[in-house]
Amino acid sequence: MSDRSQKRAKTDKSTSEVQENPYLAHLPRSERLVNPSNGGTNVYGLPADHPLANFEIGKTTAEQAEKAEEGDINPFTGKDFSGRYKKILTGRRKLPVNKHRKEFLDLVQNNQVVILVGETGSGKTTQIPQFLVFDELPAFKGKKVACTQPRRLAAMSVAQRVAEEMDVVLGEEVGYNIRFEDCTSDKTFLQYMTDGMLLREAMNDPLLSRYSAIILDEAHDRTLSTDILMGLMKEIIRKRADLKVVVMSATLDAGKFQKYFDDAPLMNVPGRTFPVEIYYTPEPEADYLEAAIFTALQIHRSEDAGDILLFLTGEEEIEDACRKIKAEADQMPDAGPLKVLPLYSTLPPQAQKRIYEEAPPAKTPNGRPGRKIVVSTNIAETSLTIDGIVYVIDPGFSKQKVYNPRIRVESLLVSPISKASAQQRSGRAGRTRPGKCFRLYTENAFMKELIETTYPEILRSNLGTVVLQLKKLGIDDLVHFDFMDPPAPETLMRALELLNYLGALDDDGNLTPLGSTMADFPVDPQMAKMLIESPRYGCSNEILSIVALLNVPLVFVRPPSERKAADEAKAQFEHPDGDHLTLLNVYHAYKTAGADQKWCYDNYCNFRSLKSADNVRSQLKRYMERADLDLVSMPFDEKPRGAYYTAIRQALTSGFFMQVAHQERGGSYLTVKDNQVVRLHPSSCLDHVAEWVVYNEFVLTNQNFIRTVTEVRAEWLLDAAPGYYDLSTFPNCEGKRVLEKLIERRKRGGSDDRRDRDRKDKGRDSKRSRR
Ligand SMILES: Nc1ncnc2c1ncn2[C@@H]1O[C@H](COP(=O)(O)OP(=O)(O)O)[C@@H](O)[C@H]1O
Ligand SMILES: [Mg+2]
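Residues numbered from 1 in each chain as written. Chains lettered and ligands numbered in written order. Predicted model: local features only at pLDDT ≥ 70, side-chain atom pairs only at ≥ 80, totals over all residues. Heavy atoms only, no water.

1. Considerations on the sheet that holds strand E10 (residues 307-311)
Strand order in this open sheet of 6 strands is E9-E16-E13-E10-E12-E11, and the pairing throughout is parallel. The open sheet has two edge strands with one neighbour each: strand E9 (276-280) and strand E11 (338-343). Going from strand to strand, the sheet's axes swing by 15 degrees on average, the running direction of each strand aside. In the sheet, E11 pairs with strand E12 (residues 371-376) via 6 bridges, with the strands oriented parallel. For Leu341, the partnering residue across the bridge sits in E12 and is Val374. Across the face of the sheet, helix H12 (residues 315-329) comes into contact with E10, E11 and E12 while running at roughly 175 degrees to E11. (Pairing = 2+ DSSP bridges. Helix = DSSP H or I, 4+ residues; strand = E, 2+ residues; numbered from the N terminus. Axes fitted to C-alpha atoms, helices over the stretch in contact; angles between N-to-C directions. Contact = heavy atoms within 4.5 Å.)

The following block contains the structure:
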């Protein structure tokens, strides 16, 4: 027997289990059936003239794959390749990783874990998963290849691109899966997904058995979920010899990854980079946004052709900068045309895709060439590569998560970037030819003030969600979990404490049945708790809507030039008791108006956000049904008046009792237990002095704000979490004294004091009738 037929004899058994050949989906069913004894087919039942006919899982060569890619028929759909496919393929062949296909295949075929480091733009994210697809042929095994991304936008954008590269429809063979948006089907064998989604999947499928290979991309980003996934991978590979793992990173700190994965082999893809000249400002800039806009216009006016990439921190700032740059550029008669494009996570996909458009042509045949400027968040640092960038403007800031376990506050804060980030940013200028990077800080600041690398997110996060997930995964001993960088003990303690107060963990730290249900919900533990409790208050339908609205981008639109009109529009929806109820009013009005886009436009509401809230709501509803939770509402006109809203506020308290502030005598608010001075965010619609409020978010700027606030009552707090409201653990403050009196009164058998409240409620009834 020849070598080949021996192998074939060995695999016959497993192939006979394969009923249908997934790569022949285009053929009539009779022809799709695998017939191993059919002399004319290969081991997978493919006809001899099929592009993958002589492929053998885990033993393919780069030449074989390239030949299949260069054929006329798409092996995955059976259709003829389009002209566009061929054009893209020519470009793909020039990417640096392409030269390393053989080396890569040798490494993955002989090792379970491979670390791959390569310059941004070398083709890691788009090509490596395809290399694996041709070698793993995942659909033959009924499995998938997954490639994780820290950012939702990157997962969507790259999946779209790779679907085009493979000449398939997005969502079919190639898809993506991000929270609340699953764009995959039964056919999907290459799936881009957020790291958080893969982690979530592990909770119900601890060995990730649906995957034959997992690529952890952007590992240098060190997001919380990627870090946890790396720890999980180490455990899973011990139990699944058939699983391949590739860890990809853009920086050279690969030694750490190698060591972590027991000296896994490293593949280095040298990039195609050109020198980038770095310019620093001689003096620190007082206003980086102004300086950035000035620099962008300066480049446009005086530098040679080449596109500009400007890094800013968030949507509002980016939109503001785009407007200003555009307005000024329109006033420059001697400069070429300028296309100004924003890029941030909540941008609609069509708008986001525009970053790949060409720069505009010159206005006249001999006129100055046009230019494109992309104003982006950190996403353009390594996640998305934009070709044609020659000038980079780096103000030196990004929005970063920070967590202070002492006061239990997690917040997004505009913070200085690290040296490693600054280097990545400048590298974006040298992709196609020599470029320039303008750093809007001094060289001295770069040398002395920037830290070397950004701290991993696990060191700057509230770990509530992650600890709940780990517990659900059956990992009880968190102290001995193999973290790449272990979190601070205090942070872990805080997470355990939070989950214990929420009833998700018992006093010994074991997962309770409630905790197990909470873990299933793809939202924060507080929100999960609130959803689960809401039927008891008779308002699960409304809480479902509110949670959905809290998980989408802001629903109110407030263009700078139309603030007054926008505020007036918002006033129609305002509920005197607070912002959660206002959100609910908006949602009800939107639904009543038939989910109409024009209605949104006329009322200064964000159509995409509301539409997406609707979608999130229906998904969460399925989780509620799965958990056997009733979907109920209070009758709106029930006596006493306002009971409908009272129930909702009580349900809010049942989840958010740890995010409460009390108004002290001087008028300022103090957060409960942690005693941080906070102010109501200016966007809040609470229209009277509320003694106690729950809040959704703590916003750290030069002042502390609490955002999305609703009034609650002291007695609800005591009822929601007696353990947390054990006053012996409270620092001295007015709030504590109020609660003490209330407890005293209850002990004496007295009812909770209602006089004050009734008075307030009466005054507000008139405003309440809106729904
Ligand atoms: N949507 C897209 N449209 C056009 N080109 C794209 C798109 N997405 C990626 N590319 C191009 O593909 C190339 C490889 O990118 P990628 O695989 O993301 O590199 P890496 O992951 O190594 O940073 C880049 O030149 C990039 O410009
Ligand atoms: Mg990449």
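2. Notes on unusual backbone geometry
Residues other than glycine seldom take positive phi values, yet Asp167 does so here, at roughly 60 degrees. Of note, the phi angle at Lys673 is positive, near 70 degrees, even though the residue is not glycine. Counting through the fold element by element, Lys673 comes out in the loop between strand E18 (669-671) and strand E19 (677-680).

3. Some points on the UniProt feature "domain: Helicase C-terminal" (unreviewed entry) in the chain
With numbering matched to this structure, UniProt assigns "domain: Helicase C-terminal" (unreviewed entry) to residues 292-474. Secondary structure content for residues 292-474 is 30% helix and 24% strand, and the end C-alpha separation is 49 Å. (UniProt positions renumbered as here; feature names shortened; annotations may be inferred.)

4. A look at the pattern of salt bridges
All chains considered together, the criterion is met by 46 salt bridges. The closest approach of N and O atoms between Glu69 and Arg92, which form a salt bridge, is 3.5 Å. A residue pair is termed long-range when its members are at least 10 positions apart, and Glu69 in helix H3 (residues 62-70) and Arg92 in helix H4 (residues 83-92) qualify at 23 residues. Exposure class is identical for Glu69 and Arg92. Each is buried. A salt bridge links Glu452 to Lys419, with the nearest nitrogen and oxygen atoms 3.1 Å apart. In this pair, Glu452 sits in the loop between helix H15 (443-448) and helix H16 (464-472) while Lys419 sits in helix H14 (residues 419-427), placing the two residues 33 residues apart along the sequence. A relative accessible area of 54% places Glu452 in the exposed class. It is possible to trace a salt-bridge network through shared partners that takes in Glu69, Glu70, Arg92, Arg93, Arg101, Arg161 and Glu165. (Salt bridge = Lys/Arg side-chain N within 4 Å of Asp/Glu carboxyl O. Buried < 20%, exposed > 50% of the residue type's maximum accessible area, 1.4 Å probe, protein only.)

5. A few points about the site of ligand 1
The immediate surroundings of ligand 1 are formed by 14 residues, with Gly121, Lys124, Thr125, Thr126 and Arg431 found nearest. Take Thr126: an N or O atom from its side chain is 2.6 Å from an oxygen atom of ligand 1. Here the shell around ligand 1 takes 3 residues from helix H6 (residues 124-136), the largest share from any one element. (Near = heavy atom within 4 Å. Polar contact = N/O pair within 3.5 Å; in protein donor to acceptor, adjacent residues only side chain to side chain.)

6. Here we look at the sheet that holds strand E6 (residues 211-216)
Spatially, the 8 strands line up as an open sheet ordered E4-E3-E5-E2-E6-E7-E1-E8, and their pairing is mixed. Two strands in the sheet have a free side with no partner beyond their single neighbour: strand E4 (181-183) and strand E8 (266-269). Direction aside, neighbouring strands of the sheet carry axes that sit 20 degrees apart on average. Here strand E3 (residues 174-178) pairs with strand E5 (residues 190-194) via 4 bridges, running parallel.

7. Quick look at the state of the cysteines
In total, this model carries 0 disulfides according to the counting rule given. Left unpaired, Cys539 is separated from the closest cysteine sulfur, that of Cys685, by 18 Å. Classification of Cys539 by relative accessible area gives buried; the value is 1%. Not part of a disulfide, Cys605 finds its nearest cysteine sulfur in Cys600, a span of 5.7 Å. The class for Cys605 is buried, based on a relative accessible area of 5%. (Disulfide = S-S within 2.5 Å.)

8. Quick word on the packing of aromatic side chains
Here the structure, examined in full by the defined rule, presents 22 aromatic pairs. Aromatic side chains Tyr279 and Phe438 sit 5.1 Å apart centroid to centroid with 15 degrees between the ring planes, which places their arrangement in the stacked category. With Tyr279 in strand E9 and Phe438 in strand E16 (residues 435-439), this residue pair connects regions lying 159 residues apart in the sequence. A relative accessible area of 30% places Tyr279 in the partly exposed class. Its end group placed over the ring of Tyr260, Lys234 keeps NZ or CZ at 4.2 Å from the ring centre. One Lys or Arg, Lys673, reaches over the ring of Tyr724 and ends 4.0 Å from the middle of that ring. (Phe/Tyr/Trp six-rings, centres within 6.5 Å; stacked < 30°, edge-to-face > 60°. Lys NZ or Arg CZ within 6 Å of the ring centre and 35° of its normal.)

9. Considerations on the side chain of Gln676
One can find Gln676 in the loop between E18 and E19. For Gln676, a relative accessible area of 17% corresponds to the buried category. Leaving out residues up to four positions away in the same chain, Gln676 has contacts with Ile407, Tyr669, Leu670, Thr671, Phe698 and Asn704.

10. Digging into the side chain of Lys124
Within the fold, Lys124 resides in helix H6. Nearest to the buried, unbridged Lys124 among oppositely charged side chains is Asp217, at 5.9 Å. The contacts of Lys124, once residues within four sequence positions are left out, are Val97, Leu116, Gly118, Glu119, Pro129, Met248 and Ser249. (Lys, Arg positive; Asp, Glu negative; His and termini not counted.)

11. Considerations on the environment of Val246
Within the fold, Val246 resides in strand E7 (residues 244-249). Remark: the alpha-carbon pair of Val246 and Ala504, spanning 258 residues in sequence, is separated by 34 Å. Setting aside residues up to four positions removed in sequence, Val246 forms contacts with Phe104, Val108, Val114, Leu116, Leu132, Ile214, Ile215 and Leu216.

12. Some words on the pairing of E12
With 6 of 6 residues buried, E12 is to be regarded as a mostly interior element. Residue alternation in E12 divides its side chains into two sets, Arg371, Ile373 and Val375 and Lys372, Val374 and Ser376, and both sets are buried. Bridge count between E10 and E12: 4 bridges; the pairing is parallel. Within E12, the position partnered with Leu310 by the bridge is Val375.

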